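Each chain, written out:
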Number of protein chains: 2
Amino acid sequence: MNTLPPLTYDANGLIPAVVQDAESGAVLMLGWMNATAVARTLESGQVHFWSRRRQALWRKGETSGHTLTVVDVHVDCDADALLIRARPAGPTCHTGHATCFYRRLEDLTAHPPTITEMEP
Amino acid sequence: MNTLPPLTYDANGLIPAVVQDAESGAVLMLGWMNATAVARTLESGQVHFWSRRRQALWRKGETSGHTLTVVDVHVDCDADALLIRARPAGPTCHTGHATCFYRRLEDLTAHPPTITEMEP
């Protein structure tokens, strides 16, 4: 793909991407992409993100093997968010859960997350 | 609800919230919440957002009538994104589409959005 679509990136050059299981409809995760991650995702058919913590491009599953293969990509009305329907290979969350959204909000008060630092 | 759960907000005090149709599983929109919007959403059972453009709290549907009634709220592994399953009253998108994600990314190049300004 030579021409990238005119997406609206935030002040850090990022756009949020929601990943949905194309089969079950479950929302698997929300990640962040810069223009390079968008381009690599479209070129390769494998979901790529920009890690805000590591400040590096990463292909989902590059170490875990739990890749996300793109089925299709939609963009919202003001072009500042993406929805990627994908086929997950294994659990998407690093915790081993199928989805990163495995907790009800009510449970969070009882079991706070270990990661609480603010990302840029 | 007196105690708010320990969510991780970004540098602007916001957290992205993905809204999914509880019935169909369709992803309807991605909006932004500050702590007040989270609290109002949980208290009222109606989805509230923080408008980055208008810098104001808004209840989804307060002018259009196209509200989103909360079914449940999940939080992701690092507590910096929310997933809200909801029952939409009418189309969620201001364009009249059921979902804000009504376009394939490929279509965006042919039909660029009218809103291209960068939000803070």
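Quantities reported herein were computed from a predicted structural model and do not represent experimental measurements. (Residues numbered from 1 in each chain as written. Chains lettered and ligands numbered in written order. Predicted model: local features only at pLDDT ≥ 70, side-chain atom pairs only at ≥ 80, totals over all residues. Heavy atoms only, no water.)

## Concerning the sheet that holds strand β1 (residues 15-21) of chain A
In spatial order, the strands read β2(A)-β1(A)-β6(A)-β5(A)-β7(B); together these 5 strands make up an open sheet with mixed pairing. Of all the strands in the sheet, the pair left with one neighbour each is β2 (27-33) of chain A together with β7 (103-104) of chain B. Direction of pairing for strand β5 (residues 68-75) of chain A relative to strand β6 (residues 82-88) of chain A: antiparallel, over a ladder of 7 bridges. When the bridges of β6 of chain A are listed, L68 of chain A appears paired with P88 of chain A. Across the face of the sheet, helix α1 (residues 35-44) of chain A comes into contact with β1, β2, β5 and β6 of chain A while running at roughly 125° to β2 of chain A. (Pairing = 2+ DSSP bridges. Helix = DSSP H or I, 4+ residues; strand = E, 2+ residues; numbered from the N terminus. Contact = heavy atoms within 4.5 Å. Axes fitted to C-alpha atoms, helices over the stretch in contact; angles between N-to-C directions.)

## Section: the sheet that holds strand β7 (residues 103-104) of chain A
Taking strand neighbours across the sheet as the criterion, the 5 strands line up as β7(A)-β5(B)-β6(B)-β1(B)-β2(B) in an open arrangement whose pairing is mixed. Strands with a single pairing partner mark the edges of an open sheet, and in this sheet they are β7 of chain A together with β2 (27-33) of chain B. Looking at chain direction, strand β1 (residues 15-21) of chain B and strand β6 (residues 82-88) of chain B are connected through 5 bridges and run parallel. From the neighbouring strand, V19 of chain B faces β6 of chain B, where its bridge partner is I84 of chain B.

## Let's talk about α1 of chain A
Every α-helix winds through 3.6 residues per turn, so residues three or four apart in the chain are directed the same way. All names here are of chain A. Inspection of α1 places A37, V38, A39 and T41 among the buried residues, and these make up the whole buried set. For α1, the elements touching its buried residues are β1, β2, β3 (48-51), β4 (56-59), β5 and β6. Of the residues flanking the end of α1, it is G45, one or two places downstream, whose phi is positive at about 75°. (Buried < 20%, exposed > 50% of the residue type's maximum accessible area, 1.4 Å probe, protein only.)

## Details of the environment of A98 of chain B
All names here are of chain B. Tracing the backbone shows A98 in the loop between β6 and β7. On the basis of relative accessible area, A98 is assigned to the exposed category, the value being 52%. Sequence separation between A98 and L30 is 68 residues; the distance between their C-alpha atoms is 13 Å.

## Notes on the UniProt feature "binding site: Zn(2+)" (unreviewed entry) in chain A
In this numbering, the UniProt entry assigns the feature "binding site: Zn(2+)" (unreviewed entry) to C77, C93 and C100 of chain A. Look at the named residues: they lie 24 residues apart in sequence, and the longest C-alpha span between them is 28.0 Å, so in the fold they stay spread out. For C77 of chain A, the position within the fold is in the loop between β5 and β6. Residue C77 of chain A is classed as buried on the basis of its relative accessible area of 15%. Residue class for C93 of chain A comes out buried when judged on its relative accessible area of 2%. Residues within four places of C93 of chain A in sequence aside, it is in contact with A98, T99, C100 and Y102 of chain A together with C77 of chain B. (UniProt positions renumbered as here; feature names shortened; annotations may be inferred.)

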